[in-house]
Every structure is written in structure tokens, then in C-alpha cells.
Amino acid sequence: MRTRFRSALMVGAAAVLGLALTACGGSDSGSGQSTQAQAPARTLTVSAAASLTSVYQQLGTEFQNANPGTTVTFNFGGSDSLAQQVVQGAPADVLATASSKTMNTAVQAGKIQGEPVVYATNTLQIAVAPNNPKGITDLASLNRPGIVSVVCAPAVPCGAAAEAAEKAAGVTLTPASEEQDVKGVLNRVQTGNADAGLVYVTDVRSTQGKVQGLDFPQASAQGAVQSYPIGVVNGSQNADLAQSWISFVRGPQGTAALQQAGFVTK
Amino acid sequence: MTSVPRLLWAPAALAWLLVAIPVAGLVVRVDWPNFLGLVTTPSALAALRLSLETGLATMVLCLVLGGPLAVVLARSSLPGLPFVRSVVLLPLVLPPVVGGLTLLFLFGRTGPLGSFLDREFGITIPFSTTAVVLAQTFVAMPFLVVSLEGALRTAGERYEAVAATLGASPATTLWRVTVPVVLPGLMSGSVLAFARALGEFGATITFAGSLEGTTRTLPLFIYLESESDLDGAVAMSLVLVVVAILVIVVSRTRDLR
């Protein structure tokens, strides 16, 4: 009986722990209020694709320094979920997705002011272990016997890009796994469980040498290049601030940070 | 029947609603006119089939390995049993992703066991259906062990002692006395393990990957669908809810008997 009670406790504790962990997810909004008196405290909420995380966090700090009294909070996530959230009326001022398709979801729902701008692109690379021990050269070589390759599932943007590149190369890959997102692919290569994977230049760059990136010609094929559109969300209380964020991202500081991370800026 | 203090009614109702309302919301959100089409796409059927197969395999593995473990925990007097028990219960509190990572570090191609298997036998575990079953067993095992150990302790050792005095060997006692006595606990434990395996996500996607027909079980399929076709994801979620409810009903009726 005692054991049964204890096991019930354990199950209960597990449930509570799960809830607590989930609750932690979005708790950083509203923190970091400015103490400066001259400028009214304002908070800009930016919903941005997960692949922008490090660049945007850096730019967020710089933007706050340049605009005293302003706090930038980020909601990073998958582009599709972010667009869905905006369509459902989530309180965001700026939407920055990692594909035109997801941005169009928000545009068609009338949730974006004017035309979104594409300010950066990202191209695919073949990620391999440092020094390329398996001698991978191009897309076709991923199908060699004994090579374990991993890509994104076609349903997600990086998978659609991979599919477009495959089509351009006339190759049909036989991956060991179709991951949910590009970081999943990167992890497989980084832990040595896959020999090669299709990821973006920015992902390779983010590993700081733990993974090597190989360029291949079909990476620039139609549909394989990832566009990064950005737009002001309709109904934003901070539309002017949202607009200056967009200008900032497209300005010299934003361009430098994006290029540093491996993006091609426009 | 003792009366329930009035104070408990409100939180009790809230607790129930917290679970019931989201599930009801799912039913409302389902695209009913296209429901049948959504749940019978080849990809959806492949996922359902893989989930049922790996769930059954997991249940068998839990019975074969977890059953004996529960007997040892309930009946033996080895020193350090509390420690053994805590380790077995660990997957209950651990996030499944952590479980998946630990499995990956052990069985992965560069892991100690994984590299050995690869070198000596040419076996690679990640990205295989075996990996799915391993991940599911990791998270589902405690459910069987806990239920069965509880049943064994509640049943007590009287019948077994009598059987022994009548000359039955320990093995005979186990099969002819212990197992029949704890059969309801064994059944509900197995069903719970199966149910947990069916819902397994984190450990599977981390360790086994996601490929249709090989490693993409129903929860992985739903997560992937939610990125592109929300209606398909919702429809399959409902299928999973129905299966889960069936499983709970089956295990509860066994308990009541």
C-alpha cells in the first residue's frame, strides 16, 4: 500500500514538474523595465524564426541601447507556429519568419501592414564532420552505400528547400531520418550518428567548427534558397517602434550581424 | 460512504475541467467532413500501424524484463533495493528528451555500446525501429514495475508460504500461485506500459529519428503534421485520444473486478 501511495506521489510529482517546466516557457516578457524617466517605457514584441535567435538577441541589446526606455522581447519559434499565432491574434508588433510561405499566411489573413520586405537569404550546405572523413563531394554522393544522411521532413521549410535542391540535381536522397527542424539535422551530424545532412550556412557557422559545411551548386536552385521576410503586425500598439526595428535590422548594424552569422543580406 | 468536505468540490471540479475542456476543444476543432480522409492517408496509417506494433513490442519487453524486476523488488531482501527502485522510477520524472539523449550517447554510433555493436556485428541502432522500441521501453517500464510491485505487496506472501510448505518449488510457486494472484495488476501494468509507449515522443524523436514506416510513430507524425497540415494533426490527435481512452477503460475495468 505504501509503495502504491509513493508511486502515485511520483506520478503526481512528474505531472507538476511538467507543468512547471512548461510554464517557464514564456516568462521573460515584461522584465527589464527601464528606470530612465525621460523616455516612456515601451515594450516591443518581436516574433521571430528560431534561426534568427542569436542575431536578434544581439541586435535587441543594441537596439535597446540606441533607444533608451525601450525593451525588446522576443518570441522565437517555428515560422509556421509564429504565423499561426499572429493570425490567431497573439500580441506581437513584428513578425519575422524564415519563409515567404509562412509570411503569406499572415499577409492573407490581413495581419501585416503593407508589404513585408525580404531583407536576408540563407542557403543550404552539406554538413559533414570536420575534414570530411567520408569524402562527400555533392548531393549524389550522399546516396553512396554506407553513408548515413539526414534531412528535414519535406513538410518543414528546410525540408522543402532540400527537396528543391534534390530536384535540381536530379537526385532522390534516401535519408535515415527526416527531422522536424534543421537543428535536429545538425545534431545528428555533430554527434556522429549521421555522416552528412542538409542544413543552412548559418547553422554550420553556429557550430564554430564542430561541423564543416560543403557548398553545392543546386543550393541556389529555385525554391532552395530561404528568404527572410519581416513585417509590422496589424493592430500593433507600437507600429512606429516596430518600423524602426525593421530599419535597424536592415541598417549597418543589422547587416553586419546577419552577415557575421552567415546570412546573405539584401 | 463518508461525505466529502465541501471545501474540496471546487478544486476537484477545476482539476477535472483542466483535463476535460482541452480534450473537448479538440473534438470541436476536428474537421469532421474530411475526418475519414485525414486519418486514412498512407502516412497516417503507416504511423498508426508503427505505433501499435512498437507499442505491443514494448509491452512484451516490459513484461519479460520488468516483470522479473518487480518480483525481485517486492520479494527479495537484497541490500540496496531502495536505490534499485529509485533508478527504475527515474524515467517517470525525467523529461523523455533526456532519456533519448542518454540512449543516444550509449547506443549512438559514437557511443560506447553503439560503436562496439557497429564494429563487431555491423548493427546500428539509431534510426531503426529497434531504437523506437528501446526508447519506449525506457519510459514505459516503470509503469509496469510500479503496478506489479504494488500488486505483489498487496497480495502478500501467505499463499506462497503455504505452497512452499506443501512442497512446491520456488518456480512452481511463482507460476501456480503468485502469477494468478497478481494477474489483474500484471494486466493493468501491461496496459499502462502500452499506453505510455503509444504516447511516447521525446525519447523517440531524440534517439530514433523520424522516418515514415520506420521510426515515425503517431506522436511524431502529429507533431510533424502540426507544422504543415493542422487539420491532419488534429484528426490524428483525436484518434490517439480515443485509443488512450479505450486503454484506460480496459485497465480500469480490470482493476474494479
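Residues numbered from 1 in each chain as written. Chains lettered and ligands numbered in written order. Predicted model: local features only at pLDDT ≥ 70, side-chain atom pairs only at ≥ 80, totals over all residues. Heavy atoms only, no water.

1. Some points on the interface of chain B and chain A
In this assembly, 28 residues from chain B lie in contact with 27 residues from chain A. Note on chain B versus chain A: buried area summed over both sides is about 2500 Å², and carbon and sulfur give 56% of it. Together, R109, F127 and E227 of chain B form the three largest contributors to the area buried by chain B at its contact with chain A, with a combined 29%. Counting every contact that joins chain B to chain A gives 2 salt bridges. (Contact = heavy atoms within 4.5 Å. Buried area = accessible area lost by both parts, 1.4 Å probe. Salt bridge = Lys/Arg side-chain N within 4 Å of Asp/Glu carboxyl O.)

2. Observations concerning the pairing of strand β10 (residues 226-233) of chain A
Residues and elements named next belong to chain A. Extensive coverage of β10 is indicated by the burial of 7 of its 8 residues. One ladder, built from 3 bridges, connects strand β3 (residues 94-96) with β10; its direction is antiparallel. Its bridge partner being in β10, V94 is matched across the sheet by V232. In this structure, strand β4 (residues 112-122) lies alongside β10, joined through 7 bridges in antiparallel fashion. When the bridges of β10 are listed, I112 appears paired with V233. (Buried < 20%, exposed > 50% of the residue type's maximum accessible area, 1.4 Å probe, protein only. Helix = DSSP H or I, 4+ residues; strand = E, 2+ residues; numbered from the N terminus. Pairing = 2+ DSSP bridges.)

3. Regarding the packing of aromatic side chains
A complete count under the given rule lists 12 aromatic pairs over all chains for this structure. Ring geometry for Y228 of chain A versus F263 of chain A: centroids 5.0 Å apart, planes at 80°, classification edge-to-face. Of this pair, Y228 of chain A sits in strand β10 while F263 of chain A sits in the loop between α9 (252-261) and β11 (264-265), placing them 35 residues apart in sequence. Neither Y228 of chain A nor F263 of chain A differs from the other in exposure class; each is buried. Here R158 of chain B stacks its cationic end above the ring of Y159 of chain B, 5.6 Å away from the centre of that ring. (Phe/Tyr/Trp six-rings, centres within 6.5 Å; stacked < 30°, edge-to-face > 60°. Lys NZ or Arg CZ within 6 Å of the ring centre and 35° of its normal.)

4. A look at the domain arrangement of chain A
Annotation of chain A at the domain level lists domain 1 (40-121 + 227-265) and domain 2 (124-220). Its C-alpha centre places domain 1 of chain A at a distance of 28 Å from the equivalent point of domain 2 of chain A. (Domains from an automatic or database assignment.)

5. Topic: helix α4 (residues 81-93) of chain B
All names here are of chain B. Its 13 residues place the ends of α4 19 Å apart at the C-alpha level, agreeing with the 18 Å of an ideal helix rising 1.5 Å per residue. The sharpest bend along α4 comes to roughly 30°, located at V87, with the proline P91 sitting one to four residues further on. By the burial criterion, the buried members of α4 are L81, R85, V88, L89, P91 and L92. (Expected span 1.5 Å × (residues − 1). Bend = angle between axes of the 7 residues up to and from the residue.)

6. Side note on the packing of helix α8 (residues 158-165) of chain B against helix α9 (residues 170-199) of chain B
All names here are of chain B. Contact geometry of α8 with α9 gives a least axis separation of 10 Å together with a crossing angle of 160°. As the angle between them shows, α8 and α9 are arranged roughly antiparallel. In the packing of α8 onto α9, the handedness of the crossing is right-handed. Two secondary-structure elements touch here, α8 through Y159, E160 and A163 and α9 through T173, V177, T178 and V181. (Axes fitted to C-alpha atoms, helices over the stretch in contact; angles between N-to-C directions. Parallel < 35°, antiparallel > 145°, perpendicular 65-115°, else oblique. Left-handed = near helix turned anticlockwise from the far one by under 90°.)

7. A word on unusual backbone geometry
A positive phi angle, near 50°, is found at N132 of chain A, a position not held by glycine. Along the chain, N132 of chain A falls in the loop between β5 (124-128) and β6 (149-152). One non-glycine residue, F127 of chain B, lies in the positive phi region at around 70°. Mapped onto the elements, F127 of chain B comes out in the loop between α6 (112-121) and α7 (129-155).

8. Section: the pattern of salt bridges
All names here are of chain A. Per the counting criterion, the structure on display carries 13 salt bridges over all chains. Between D240 and R42 there is a salt bridge, with the nearest N and O atoms lying 3.0 Å from each other. Of this pair, D240 sits in helix α8 (residues 239-250) while R42 sits in strand β1 (residues 42-49), and the two are 198 residues apart along the sequence. When its relative accessible area of 23% is taken as the criterion, R42 is described as partly exposed.

9. A few points about the state of the cysteines
A covalent bond between the sulfur atoms of two cysteines is what we call a disulfide. Residue and element names in this part refer to chain A. Under the defined criterion, the tally for this structure stands at 1 disulfide over all chains. A sulfur-sulfur separation of 2.0 Å characterises the disulfide bridge that pairs C152 with C158. Handedness here is read from the sign of the S-S torsion; for C152 and C158, about -95°, the answer is left-handed. Here C152 matches C158 in class, with each residue buried. (Disulfide = S-S within 2.5 Å.)

10. Let's talk about empty space enclosed by the protein
Residues and elements named next belong to chain B. Tallied over the full model, the rule gives 2 cavities of 30 Å³ or more. Taken as a whole, the second largest cavity spans an internal volume of roughly 40 Å³. Along the walls of the second largest cavity sit R75, A155, G156, Y159, E160, V177, T178, V181 and V182, which together make up its complete lining. Mapped onto the lining of the second largest cavity, the elements with two or more residues apiece are α8 and α9. If one sorts the elements of the lining of the second largest cavity by residue count, α9 sits on top with 4 residues. Residue classes in the lining of the second largest cavity are distributed as 5 nonpolar, 2 polar and 2 charged. (1 Å grid on protein atoms, 1.4 Å probe; cavity = no way out; pocket = protein on both sides within 12 Å on 5 of 7 lines; lining within 4 Å. Points joined across faces, edges and corners; volume = space filled by probe spheres on them. Nonpolar A, V, L, I, M, F, W, Y, C, P; charged D, E, K, R; others polar.)

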